[in-house]
Amino acid sequence: MDVVVIGASLSGLTAAATLLKAGADVQLLEADTYIGGRIRALRDPIGNRALADLGPTWVWPKYQPVVAQWLETLGLQTLEQFNDGDAVILGFGPAPVRQPLPGQEGMVRIVGGPSALIDALVNRIGHDNIRKSAPVVEVSEKGPEQLAVRLGSGEAITARKIVLSIPLRVAAETVELPWATTALIDAMRKTPTWMSTHAKAIALYERPFWREAGLSGRIASRSGPLVEAHDHSGPDGSPAAIFGFVGWPPDIRRRDTDGLKEAILNQLAECFGPEAAHAMDLTGHDWAANPNIVTDLDLSAPANHPDVGPAILRQAYLGGRVRFAVSETSEASPGLIEGALAAGEKAAKDILARIGD
Ligand SMILES: Cc1cc2nc3c(=O)[nH]c(=O)nc-3n(C[C@H](O)[C@H](O)[C@H](O)COP(=O)(O)OP(=O)(O)OC[C@H]3O[C@@H](n4cnc5c(N)ncnc54)[C@H](O)[C@@H]3O)c2cc1C
């Protein structure tokens, strides 16, 4: 095997697609039963259509050249984030207040959600090159020509080059890297995984009734479980949906999922009227419960938006044969979709430049 890519998510898939296009022999190993990492969609049980984003939603292609280029390469379209009308501001005074809140300049959604990026990359790579339920527990040197990857099952796989596309803290805590210096492990531990402690809630409705009342679907709140919410409906308003970020801490939301659901519906009704309490479906996704994404370090001190990490995370190791490529290693937009695409692409190009070594 020329290259083993560890982690079948946006950065790993981007690296693999770039390597395969250049003719390299590539295998992806993914710990989860699911492909996409932090990118995941709520899917229609009939037809499997992506209905809503459980992970990221927005990209800024006007300011993110790598996103713009990959959207074009993969033939994906964008749609505006619906923001017409008033937002509801809750918990800043005795009663909810309606007022317009400007959206972010250049911020758009991807038609089909960021999962469309994952699906398009997987189509290029082919399912045969991706192994799910294959957690890697060790990456070591076998000799001057060979690296060894050990899976949790004990199985060993050899490769000439390796791309580690897993969150840096997860790698530092769960994968043995006998060649890694203390300084490298320290830098990995100090790099929080962006949004890994967050949870999202999606309410699906028959129609976007809040729009009829001149509301944008946006909530900014200091009371109730949702700290912010947005219209998340499809391009023509269908499926009609609101998504919100849950502000309750991970231990409390895990302990009382029924109470959380009830509190979310009450909050939506307070903001958008009684119809909002009767969602066709209310789904949550808690990233803080996914050990392939989050670590205790992330949970002990939830992070602000990541800074550009130190150069030690972007260096090549074992004579140029091992590289990290996860969004947080990128110099451009670390922690974001742009960072994941850029990190995957860069790792692949660096490896291709040395593939004959
Ligand atoms: C709720 C939420 C909202 C977000 N909103 C936005 C947004 O609006 N815009 C934006 O740009 N970004 C957003 N982000 C960030 C964005 O999702 C990430 O930057 C991006 O998806 C990271 O991709 P990645 O491939 O670098 O890493 P990840 O998606 O973290 O992938 C790591 C992969 O490694 C796998 N793995 C872990 N351990 C092992 C192991 N031992 N062996 C094999 N595989 C392993 C994991 O299962 C996973 O598939 C959001 C994230 C979340 C969670």
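Residues numbered from 1 in each chain as written. Predicted model: local features only at pLDDT ≥ 70, side-chain atom pairs only at ≥ 80, totals over all residues.

Trainee: When you look at unusual backbone geometry in this model, what are you seeing that I'm missing?
Mentor: If a residue is not glycine, its phi is most likely negative; likewise, a peptide bond is most likely trans. The omega torsion across S238 and P239 is -5°, close enough to zero to call that bond cis. With respect to the helices, strands and loops of the structure, P239 is situated in the loop between β17 (226-231) and β18 (240-246). With phi around 50°, S133 is a residue other than glycine that occupies positive phi space. Tracing the backbone through its elements, the reader meets S133 in the loop between β10 (130-131) and β11 (136-141). For S133, a count of 13 C-beta atoms within 10 Å puts it in the partly exposed group. Despite not being glycine, M195 shows a phi value in the positive range, around 70°. When the 24 C-beta atoms within 10 Å are taken as the criterion, M195 is described as buried. (Helix = DSSP H or I, 4+ residues; strand = E, 2+ residues; numbered from the N terminus. Buried ≥ 20, exposed ≤ 12 C-beta atoms within 10 Å, placed from the backbone.)

Trainee: When you look at the pairing of strand β16 (residues 215-221) in this model, what are you seeing that I'm missing?
Mentor: Of all seven residues that make up β16, six are buried, and the element is covered over most of its length. As paired strands, strand β7 (residues 86-90) and β16 are joined by four bridges and run parallel to one another. Bridging from a neighbouring strand, V88 pairs with I219 of β16. (Pairing = 2+ DSSP bridges.)

Trainee: In this structure, what is going on with the domain arrangement of the chain? I would like to understand it.
Mentor: Interface extent is often summarised as the accessible area lost during association of the parts. The domains assigned to the chain are domain 1 (1-39 + 114-196 + 291-357) and domain 2 (81-109 + 197-289). Using only C-alpha atoms to locate each centre, domain 1 and domain 2 end up separated by 33 Å. In the side of domain 1 that touches domain 2, the residues fall into five nonpolar, one polar and two charged. (Domains from an automatic or database assignment. Nonpolar A, V, L, I, M, F, W, Y, C, P; charged D, E, K, R; others polar.)

Trainee: Any chance you could explain the environment of P235 here in plain terms?
Mentor: When you line up the elements, P235 lands in the loop between β17 and β18. Owing to 12 C-beta atoms within 10 Å, P235 belongs among the exposed residues under this scheme. Separated by 96 residues in sequence, P235 and V139 have C-alpha atoms that sit 44 Å apart. Not counting residues within four places of it along the chain, the set of residues in contact with P235 comprises L79 and V111. (Contact = placed C-beta atoms within 7 Å.)

Trainee: Help me understand the site of the ligand in this model?
Mentor: Neighbouring the ligand are 41 residues; G7, S9, G37, P56 and L336 lie closest to it. Those elements that provide at least two residues to the shell around the ligand are α1 (10-21), β5 (58-59), α4 (168-174) and α10 (337-353). Residue contributions to the shell around the ligand reach at least three from each of two domains, namely domain 1 (1-39 + 114-196 + 291-357) and domain 2 (81-109 + 197-289). (Near = placed C-beta within 6 Å.)

Trainee: Explain the pairing of β7 to me, please; I cannot follow it from the model alone.
Mentor: Here β7 pairs with strand β8 (residues 97-99) via three bridges, running antiparallel. Bridging from a neighbouring strand, I89 pairs with V97 of β8. Two successive antiparallel strands, β7 and β8, enclose a turn made up of six residues, where G91 displays a positive phi of approximately 85°.

Trainee: What exactly am I supposed to notice about the sheet that holds strand β13 (residues 156-159) here?
Mentor: Strands pair in a sheet through their backbones, by hydrogen bonds, and they do so in one of two ways: parallel or antiparallel. The three strands lie next to each other as β11-β12-β13, forming an open sheet whose pairing is antiparallel. Looking along the sheet, the strands with just one partner apiece sit at the ends: β11 and β13. Across the sheet, the mean angle separating the axes of adjacent strands is 20° when strand polarity is ignored. In this sheet, β13 lies alongside strand β12 (residues 147-151) in antiparallel orientation, the contact comprising four bridges. Considered in β13, the bridge of V149 is made with I157. (Axes fitted to C-alpha atoms, helices over the stretch in contact; angles between N-to-C directions.)

Trainee: Could you clarify how one ought to interpret the environment of A17 in this entry?
Mentor: Structurally, A17 is set in helix α1. The exposure class assigned to A17 is buried, which follows from the 25 C-beta atoms found within 10 Å. Note: C-alpha distance between A17 and A348 (331 residues apart in sequence) is 8.8 Å. In contact with A17, other than residues within four places in its own chain, are L121, R124 and I125.

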